[in-house]
Amino acid sequence: MMDLPCVQWQDHVAQKWIGLDPELKETLTSQLEVDDLFKCALTLTTQDDLDFVRSISSGYSALKDAELAAKCREKGNCSFKTRDYPAAALHYSQGICFAHQGLEQLSLCYANRSAALYHLQHYQESLDDIDKAIKNSYPSHLLHKLEDRRTQCLKQLSVGQKAKEDHHNPASMYHKASDRVKGASVGLLTFGICPQGAVGFSSAKGRHLVAAERMAAGEVILHDRPYSCVLIPGMEEVKGKGGRHHTDREVLFGVEHRRCHRCLTETPCPVPCDGCSYSRYCSTSCQRDAWEEHHRWECPLGAELKTMGVMSQLALRVALKAGLKNIQMARDPIRDEHTKSEPSGLNGESSDPCTSYYGDSYPSVFHLQHHLNRHSPEVRFLCAVTVAALFLKLSKAGPPPASWDLSGLLGADRQSPDKEGGTADWTSNLWLLGSAVLRHILQLRCNAQAILMQQDTGDWFHKCERAANSPVQSSREIRIATAIFPTLSLLNHSCCPNTSLVFSTGTSLSADFSESVTEHRSTARRVTVTVRASKAITPGQEILHCYGPHSSRMATRERQRLLQEQYYFLCQCEACTLQQQQQQQQQEQEEEEGSEGRQQGSGVGGSPQSGLLCDKCKGSLKKSNEDGGKGFVCSQSSCAHRVSLSEVSRRLQEIKVDLEKAVDLMERERPDEALRLLRRTQSHPGLTFAETHPVQGELEDATARAYATMGDWTNAASHLERSAVAIGSQYGEDSIELGQQLFKLAQLHFNGGARGPALSVIPKVRQLLCLHVGPLCHEIQELQAMEDCLQG
């Protein structure tokens with residue numbers, strides 16, 4: 001992952017740190033203000049450092065390239081010939097991004113993409129590409145092809161409009177959504193914190209969100225949009241034909257190839273940046289807004305930014321969007337230390353800006369805690385030198401836009417831009433931008449938010465029955481971007497949160513819950529996050545969400561260690577406290593019972609539960625207190641069979657490999673071989689799982705997929721029910737994970753014509769999906785269509 005700078009730059013800065021004079025190291029380490037750290041790093045950043053950045057960035061070129069454009073078009077042609085139209089469209093889009101404006105190569109790529117889009121039934125987009133091809137000097141002797149395709153597109157659009165008006169087939173609800181974000185719906189949202197929520201402050205918790213009134217489970221607490229976000233390059237989202245291990249597969253397309261670099265909307269026909277080959281957008285509106293916000297500066301720094309990593313680019317993007325004027329306005333309240341006072345009450349009733357809430361405006365981001373003194377000296381130095389290098393590159397980019405004019409904000413003791421162009425002292429004020437970027441990169445360690453999407457991993461369907469049965473969609477959650485959300489950042493962590501988050505792209509926002517005003521409003525679509533109460537929240541109770549380490553996925557000590565390392569606090573949430581008490585009680589009980597009692601634990605796997613069963617008597621295995629706890633012992637005293645930790649680890653790794661092989665076989669349409677492999681894996685002696693063990697759930701899920709791919713809906717449903725048992729045990733009976741698994745089960749029952757089981761499971765699925773993603777998500781609509789069909 002590209003969160004941090006590339007390894008070469010990290011090593012370069014590490015060597016620079018090692019070579020520093022001890023007194024200079026002490027000076028850097030003792031800096032308590034971000035401004036001072038940045039200025040110090042700026043004096044240490046040399047031309048050699050900038051030359052090194054240039055040398056390593058050559059491998060991350062973002063320039064236009066006619067030769068690469070031609071190669072992409074050739075790859076697209078190969079995919080087109082094999083009727084892999086999605087891959088063809090992506091290759092042609094790559095060619096469009098590499099091609100220079102006004103040249104024939106660009107027109108050929110647009111024309112070819114229009115053909116791929118036609119076969120993908122994106123008729124309007126195909127028409128748009130036809131127009132762009134002609135605009136970019138498409139060869140006149142080939143124009144008849146485009147005109148013929150234009151006629152066909154117009155004909156299909158006319159037929160499609162009529163069909164849309166008459167079409168009421170329930171199975172049509174099973175189309176793939178263009179952008180499934182944890183099942184989120186895309187529409188008009190009301191931005192801000194709901195009236196039942198309030199912002200509070202305490203010295204222990206900082207700014208946080210509490211319930212002013214009771215909130216019911218499933219109720220929307222807030223909608224927020226990121227101040228800025230950056231796509232994570234290289235994240236696999238679309239595979240070429242042949243599966244992940246197939247030798248004929250040429251390329252893996254990352255999220256940066258098919259999502260808008262501003263609003264993250266998935267698009268089959270991205271609009272390229274005119275200046276670089278990397279950035280692309282879903283529309284000219286997003287392209288224009290991105291240019292005004294940040295890309296006018298990023299465009300010439302494309303390669304350097306990719307070497308510096310996502311966090312550096314996001315920090316820079318936040319500062320560029322704000323501009324010097326807003327940075328200076330945010331800085332002014334904290335210049336006078338005498339204005340700080342102890343806060344009181346809710347809603348930021350304090351003159352200290354660090355305790356106040358500013359809605360989605362820049363001050364809300366600026367005043368997030370940066371924890372400068374808690375970062376290690378090496379991390380501080382890496383961040384500071386990285387920002388200094390970017391600053392020096394940026395300072396040569398030319399004068400700022402007019403909106404950055406600081407006249408009127410600068411006091412008499414500060415130099416102001418000249419009256420003629422407002423640019424004479426541009427570089428003298430630019431250090432404010434550099435300091436803000438450093439501040440943001442330090443903040444992001446504790447305040448960056450991963451944007452998660454549901455990625456389709458393949459449909460479960462019987463090839464011969466595809467027309468008769470709707471696909472059962474399998475998906476996994478992937479991280480596609482990193483963002484900073486002004487309002488979401490108010491929520492503190494809990495390992496057992498009382499909220500559920502869902503991300504949406506292409507969302508329009510209506511009037512605010514609150515009256516907060518940003519310094520930049522846009523008419524373009526945006527990515528948003530919706531926070532819902534996952535359980536009832538009483539007045540005065542804090543509203544919490546999980547930063548990553550969750551009680552259903554990780555042991556208490558491991559969670560606390562990770563949270564301490566990244567977020568600088570020892571978690572004492574309800575889950576951590578309860579589990580620590582249980583472990584202490586268990587330890588005291590074992591000490592009282594002695595060694596004999598320690599071998600007679602009850603339940604699956606004892607405490608903590610292992611989920612492993614004895615291969616001899618099928619009794620539960622529990623951790624052994626002998627040999628330093630590096631093994632398991634049967635809980636049945638009459639058996640007392642032992643299994644070493646190394647044997648368990650080896651077997652788990654073998655099962656993981658077998659699961660990957662089985663999935664690959666299914667992707668290559670060889671489900672019968674996958675099923676035989678899964679059967680052998682489950683019958684292998686040496687390690688048996690309880691039905692609640694996560695690995696058993698994965699095995700049952702893969703087996704269900706194999707049966708479904710073969711069209712055996714009954715056996716598929718049977719195994720998926722067993723998988724749901726493990727999911728429910730791991731994540732909880734009211735979890736979104738269980739809701740997603742039961743949604744697949746409903747689809748299997750529907751496809752198999754099992755009317756009773758389908759109607760039985762649909763209400764539970766509807767309840768869980770409404771709780772976590774709301775009643776307007778497309779899965780709810782599919783459930784309703786199934787229910788209407790089964791009851792009709």
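This structure is a prediction, so every number in the text was calculated from the model and none was measured. Along each chain, the written sequence defines residue order, and numbers are assigned to residues from 1. Per-residue local features of the predicted model are confined to residues with pLDDT of at least 70, and side-chain atom pairs are confined, for both listing and counting, to 80 or more; whole-chain, interface and lining totals are unaffected and use all residues. Derived side-chain values reflect all non-hydrogen atoms in the structure, with water molecules and hydrogen atoms excluded from consideration.

## Structural notes on the overall build of the chain
Thinking step 1. Secondary structure elements follow DSSP: runs of H or I of four or more residues count as helices, runs of E of two or more count as strands, with numbering from the N terminus. From N to C terminus, the chain includes 24 helices and 21 strands.
Thinking step 2. Using a 1.4 Å probe on the protein chains alone, a residue whose accessible area is under 20% of its type maximum counts as buried, one over 50% counts as exposed, and one in between counts as partly exposed. Looking at the chain residue by residue over its 792 residues, the buried ones come to 53%.
Thinking step 3. Contacts were defined at the residue level, with two residues in contact if any of their heavy atoms lie within 4.5 Å. Once local pairs closer than 6 in sequence are excluded, the contacts in the chain between residues at least 24 apart make up 71%.
Thinking step 4. Computed with a 1.4 Å probe, the accessible areas rest on the Shrake-Rupley method; for each residue, only the protein chains presented here act as cover. Carbon and sulfur atoms form 50% of the exposed surface of the chain, whose accessible area is close to 35,600 Å².

## Points about the environment of Met786
Thinking step 1. Note that Met786 resides in helix H24 (residues 778–791).
Thinking step 2. As a C-alpha pair, Met786 and Ala746 span 40 residues in sequence and 8.7 Å in three-dimensional space.

## So, the pairing of strand S4 (residues 206–211)
Thinking step 1. The buried count for S4 comes to six of six residues, which makes it a mostly enclosed element.
Thinking step 2. One ladder, built from six bridges, connects strand S3 (residues 197–202) with S4; its direction is antiparallel. Bridging across to S4, Ser202 finds its partner in Gly206.
Thinking step 3. DSSP-based pairing: two strands are paired if at least 2 bridges between them are found. Here S3 folds back onto S4 in antiparallel fashion, the turn holding three residues.

## Observations regarding empty space enclosed by the protein
Thinking step 1. Lining residues are those with an atom within 4 Å of a point, where the points come from a 1 Å grid over the protein atoms alone and group into cavities, where a 1.4 Å probe fits but cannot get out, or pockets, open sets with protein on both sides within 12 Å along at least five of seven lines. Grid points are joined across faces, edges and corners, and a volume is the space filled by probe spheres set on the points. Going through the model one piece at a time under the given rule, you end up with six cavities of 30 Å³ or more.
Thinking step 2. By volume, the largest cavity amounts to about 140 Å³.
Thinking step 3. Lining the largest cavity are 14 residues, with Tyr278, Ser279, Glu298, Gln313 and Arg317 positioned closest to its centre.
Thinking step 4. Every element with two or more residues in the lining of the largest cavity is listed here: strand S6 (228–231), helix H11 (284–298) and helix H12 (302–331).
Thinking step 5. No other element matches H12, which puts five residues into the lining of the largest cavity.
Thinking step 6. By residue class, the composition of the lining of the largest cavity is six nonpolar, five polar and three charged.
Thinking step 7. By volume, the second largest cavity amounts to about 100 Å³.
Thinking step 8. Contributing to the lining of the second largest cavity are Pro226, Tyr227, Ser228, Cys229, His261, Arg262, Glu293, His294, Arg317, Lys321, Arg526 and Val527.
Thinking step 9. For the lining of the second largest cavity, the secondary structure elements donating two or more residues are S6, H11, H12 and strand S15 (526–533).
Thinking step 10. Here the nonpolar group is Ala, Val, Leu, Ile, Met, Phe, Trp, Tyr, Cys and Pro; Asp, Glu, Lys and Arg are the charged ones; every other residue, Gly included, is treated as polar. Its residues assigned to classes, the lining of the second largest cavity shows four nonpolar, three polar and five charged.

## Remarks on the state of the cysteines
Thinking step 1. Disulfides are defined as cysteine sulfur pairs within 2.5 Å. Here the structure, examined in full by the defined rule, presents zero disulfides.
Thinking step 2. Cysteine Cys299 remains unbridged, with the sulfur of Cys273 as its closest cysteine sulfur at 3.7 Å.
Thinking step 3. A relative accessible area of 13% means that Cys299 is categorised as buried.

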